[in-house]
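Architecture at a glance
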Amino acid sequence: MFFRTGDASSQLPTSLRAKLERLSFPTLGHYLEEGFADPEIRRVVEAGGRVIGTAFTVRTTATDSTALHHAAGIIEPGQVLVLDTGGDRRHAPLGEVVAAQLVARGAAGAVVDGVVTDVDEIAELGLTVHARGTSMLTTKLQGIDAGGVNVPVTCGGAVVHPGDVVLADANGVLVVPLEGLEALVDLALEDDAEEPALIDELRGGAPLGSLTGASDTVAALLESATPQ
């Protein structure tokens, strides 16, 4: 037997969610290097704005969506479906029917490392979806003994564990372990709070390099490279 299931993923703490709703997600890119999905995974259905939730992971084969159909019926409110298709980019495992089930279950969104279908219908349902693109070719219910639910997966090159925090917007998708995000979010919020003042100084004519210290660094580099 090759199909696997794991423990149900956790819910996002209320206090952390409140902070994330105020945060500009790209600010985390100043501090993190891992967890960012391939930029080819873009928002293909914008129904509810930004996505914030915990990962509910599913792994399927290229042509069989049996595991996904099962998983869609047990996802919990506030969780984000993260789907690893095993590298397939031709067959769409997620369409109107699966999306309708996710909405009925209260899913916060879906991230598919592959293609999806029925994007107009999904938009009407109100589910925000990130994927590599769209396709008319769909998966089938073949019952192949492979894949898994709530197991570690790979999505756009990022390793995703059940319960990791999923953040997605028009810029892309980021997956961060809960503990790591809790340790970083306050610092990122401080950066966001300082940014309007920085932009005001730029509008007033101040050079960016002088404000950030980059120009001093360049000057030091040039001095160190000058023969004595």
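Everything below is about the structure printed above this text.
All of the points below concern the structure found in this document. (Residues numbered from 1 in each chain as written. Predicted model: local features only at pLDDT ≥ 70, side-chain atom pairs only at ≥ 80, totals over all residues. Heavy atoms only, no water.)

Below, the discussion takes up the side chain of D192. Along the chain, D192 falls in helix α5 (residues 178-203). R50 provides the closest opposite charge to the buried, unpaired D192, separated from it by 7.3 Å. A distance of 2.9 Å separates the side chain of D192 from the backbone nitrogen of S24, its partner in a polar contact. Leave out the neighbours within four places in its chain, and D192 touches R22, L23, S24 and T27. (Helix = DSSP H or I, 4+ residues; strand = E, 2+ residues; numbered from the N terminus. Buried < 20%, exposed > 50% of the residue type's maximum accessible area, 1.4 Å probe, protein only. Lys, Arg positive; Asp, Glu negative; His and termini not counted. Salt bridge = Lys/Arg side-chain N within 4 Å of Asp/Glu carboxyl O. Polar contact = N/O pair within 3.5 Å; in protein donor to acceptor, adjacent residues only side chain to side chain. Contact = heavy atoms within 4.5 Å.)

Take the packing of aromatic side chains next. Inspection of every chain in the model, using the stated rule, returns zero aromatic pairs. Note that R50 overlies the ring of F25, its terminal NZ or CZ placed 3.9 Å from the centroid. (Phe/Tyr/Trp six-rings, centres within 6.5 Å; stacked < 30°, edge-to-face > 60°. Lys NZ or Arg CZ within 6 Å of the ring centre and 35° of its normal.)

Let's shift gears to a negative patch on the surface. On the surface, E96, D120, E121 and E124 cluster together into a negatively charged patch. The element that contributes the greatest number of residues to the negative patch is helix α4 (residues 119-125), accounting for three residues. (Patch = residues over 30% accessible without salt bridge, like charges linked within 9 Å, V, L, I, M, F, W, Y side chains within 5 Å. Areas by Shrake-Rupley, 256 points an atom, 1.4 Å probe, with all protein chains shown as cover. Charge placed at Lys NZ, Arg CZ, Asp CG, Glu CD.)

Turning next to the pairing of strand β13 (residues 172-176). Where burial is concerned, most of β13 is hidden: five out of the five residues are buried. Here β13 shows a buried face lined by G172, L174 and V176 and a second buried face lined by V173 and V175. Sheet analysis places strand β12 (residues 165-169) next to β13, joined by five bridges and oriented antiparallel. Bridge pairing in β13 places V166 opposite V175. Between β12 and β13, which follow one another and run antiparallel, lie two residues. (Pairing = 2+ DSSP bridges.)

That is the geometry; function is a separate question.
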